[in-house]
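Residue-level structural notes
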There are 2 protein chains.
Amino acid sequence: MTTDDLMARALESLGADGPLSVEAIHRLADVADVPEAMTIAEVADLLDISPHTLRYYERAGLIEVARDGNGHRVYDTHAVRRLVFLTRMRLSGMPMRDLQHYVSLVDDGERTVPERLDILLEHRDTVRRQLRELTLSLAAIEYKIATYGGRTGPDAELSVRRAR
Amino acid sequence: MTTDDLMARALESLGADGPLSVEAIHRLADVADVPEAMTIAEVADLLDISPHTLRYYERAGLIEVARDGNGHRVYDTHAVRRLVFLTRMRLSGMPMRDLQHYVSLVDDGERTVPERLDILLEHRDTVRRQLRELTLSLAAIEYKIATYGGRTGPDAELSVRRAR
DNA sequence: GTTTGCGTTCGAGCGCGCTCCAAGGCCTAG
DNA sequence: CTAGGCCTTGGAGCGCGCTCGAACGCAAAC
């Protein structure tokens, strides 16, 4: 699980907070092992998505991929990097539509940086909201677990009844 | 936004960690203002979902709701509490299918508590994974924001180019 | 030489979770 | 008395993000 490795590294760096973490994320963004050229299967494996999905992203205009002599896709470093970004955005819930808009801005050159920034800022807020929601849900789940079976104190028995 | 209020309270309590937070979550689970009887519009408003969705949940067998003389739904405290739980689970990504299974277990009585516990434990892990993923995504987004417009250091200019 | 395996394209299909429509009932305000 | 508003039901429709099927190509293995 390459993704898990990345996550582990990221969380490590987040643990040790401060100005150092920016550097750590930087390394993260530069993905560890990116061969010059990768097949669709390799990229799918790397990103933990299916080849179907990769083709779908291409059809959706999120990315252009070169072909070799046999007409097979060849993912270069640039393509893989973009896909890492795209899957990150998808994982955090950014809709395909927004992603399509975003990449169209990228294609329009540097002058669209402000608008891209807007999109990112908005998505950041969305992700933060999600994090708050999830944290709250987690608390609710753990509370319920405690009433059901966890040792939560002397009134555990009573809590089970309250939990319904 | 009642939901937001709840969130705010929950996050407050999470901030001040320790054995106290369990109590705080307890208060949270007991929802602040639950009138004896509520209309579908009131409940929808409370939970920030549409009346359509509430009817859908009922059709899906997630909950039974009584009717008044006019055939209109009357949500009692018990129903509202279950819906708070259900929406919490939905918000954290539990599939309808699992939720249907869960409530069928509840209907089967106390002897299904162990299986319910299993479901909750598994979902807790899922939520934790989501939290890790989201945290990583947030870091990636903030890194990109920094390269685009944030003051991230002396090499900001250079970073913009790298950010593509 | 044929089988196996991985790739290609285009288009259709699907699972999920709503979301809406149509036709109608009851209640209140004007 | 009628109009507006909110509710009811059953069933259909929809947007999203994949996911798959069919038919085919190329290339290495047997």
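Being a predicted model, the structure only gives us computed values, none of them experimental.

As for the overall build of chain A
Within chain A one finds 8 helices and 3 strands. For chain A, the α and β elements follow one another from N to C terminus as α-α-β-α-α-β-β-α-α-α-α. For chain A, with 164 residues in total, the buried portion stands at 43%. Sequence-distant contacts, at least 24 apart, represent 45% of the contacts inside chain A between residues at least 6 apart. Carbon and sulfur atoms make up 51% of the accessible area of chain A, which totals about 9200 Å².

A word on unusual backbone geometry
Positive phi, normally seen in glycine, also occurs at A:Asp48, with a value near 60°. Along the chain, A:Asp48 falls in the loop between helix 3 (40-47) and helix 4 (51-59).

Considerations on the protein's contact with DNA strand D
Contacts to DNA strand D come from 19 residues, most closely from A:Arg90, A:Arg97, B:Arg59, B:Arg67 and B:Arg73. Expressed as a percentage, the sugar and phosphate content of the atoms of DNA strand D within 4 Å of the protein is 70%. B:Arg67 has a polar side-chain atom sitting 2.4 Å from a phosphate oxygen of DNA strand D. One nitrogen or oxygen atom from the side chain of B:Arg73 is found 2.6 Å from a phosphate oxygen belonging to DNA strand D. Going through the elements one at a time, helix 4 and helix 6 (96-107) of chain A together with helix 3 (40-47) and helix 4 (51-59) of chain B are the ones with two or more residues in the surface near DNA strand D. Sorting elements by how many residues they give to the surface near DNA strand D places helix 4 of chain A first, with 5 residues.

Section: the protein's contact with DNA strand C
Taken together, 19 residues form the shell around DNA strand C, and within it A:Arg55, A:Arg59, A:Arg67, A:Arg73 and B:Arg97 come nearest. Protein-adjacent atoms of DNA strand C, using a 4 Å cutoff, are sugar or phosphate at a proportion of 73%. In this structure, a phosphate oxygen belonging to DNA strand C sits 2.6 Å away from a side-chain N or O atom of A:Arg73. Here a phosphate oxygen of DNA strand C and a side-chain polar atom of B:Arg90 are 2.9 Å apart. Those elements that place two or more of their residues in the surface near DNA strand C are helix 3 and helix 4 of chain A together with helix 4 and helix 6 (96-107) of chain B. Considering each element in turn, the surface near DNA strand C owes the most residues, 5 residues, to helix 4 of chain B.

Some words on the pattern of salt bridges
Overall, the coordinates contain 12 salt bridges over all chains when judged by the stated rule. Three or more residues joined by partner-sharing salt bridges are found here, namely A:Glu58, A:Arg67 and A:Arg73.

Looking at the sheet that holds strand 1 (residues 37-38) of chain A
Residues and elements named next belong to chain A. With respect to topology, 3 strands assemble into an open sheet ordered 1-3-2, the strand pairing being antiparallel. Each edge of the sheet is formed by a strand with only one pairing partner; in this case those strands are strand 1 and strand 2 (66-67). Of the strand pairs in this sheet, strand 2 and strand 3 (residues 73-76) are connected by 2 bridges, and their pairing is antiparallel. Across the sheet, residue Ala66 finds its bridge partner in strand 3, namely Val74.

Some remarks on helix 6 of chain B
Compared with an ideal rise of 1.5 Å per residue, which puts 12 residues at 16 Å, helix 6 of chain B spans 16 Å between its outermost C-alpha atoms and is within 8% of the ideal. When we look at burial in helix 6 of chain B, the residues that qualify are B:Met96, B:Leu99, B:Tyr102, B:Val103, B:Leu105 and B:Val106. Check the buried side of helix 6 of chain B and you find it contacts helix 7 (113-148) of chain A together with helix 4, helix 5 (77-91) and helix 7 (113-148) of chain B. Phi turns positive one or two residues past the end of helix 6 of chain B, at B:Gly109, with a value near 95°.

Brief notes about the sheet that holds strand 2 (residues 66-67) of chain B
Residue and element names in this part refer to chain B. One open sheet holds the 3 strands; their spatial order is 1-3-2, and the pairing between them is antiparallel. One side of each edge strand has no neighbouring strand; the edge strands of this open sheet are strand 1 (37-38) and strand 2. Note that strand 1 and strand 3 (residues 73-76) share 2 bridges and pair antiparallel. Along strand 3, the bridge assignment pairs Met38 with Tyr75. Packed onto the sheet, helix 5 meets strand 1 and strand 3 and runs at close to 80° relative to strand 3.

The rules we used
Residues numbered from 1 in each chain as written. Chains lettered and ligands numbered in written order. Predicted model: local features only at pLDDT ≥ 70, side-chain atom pairs only at ≥ 80, totals over all residues. Heavy atoms only, no water. Helix = DSSP H or I, 4+ residues; strand = E, 2+ residues; numbered from the N terminus. Buried < 20%, exposed > 50% of the residue type's maximum accessible area, 1.4 Å probe, protein only. Contact = heavy atoms within 4.5 Å. Areas by Shrake-Rupley, 256 points an atom, 1.4 Å probe, with all protein chains shown as cover. Near = heavy atom within 4 Å. Polar contact = N/O pair within 3.5 Å; in protein donor to acceptor, adjacent residues only side chain to side chain. Salt bridge = Lys/Arg side-chain N within 4 Å of Asp/Glu carboxyl O. Pairing = 2+ DSSP bridges. Expected span 1.5 Å × (residues − 1). Axes fitted to C-alpha atoms, helices over the stretch in contact; angles between N-to-C directions.

Without other data, these values stay purely geometric and don't point to any function.
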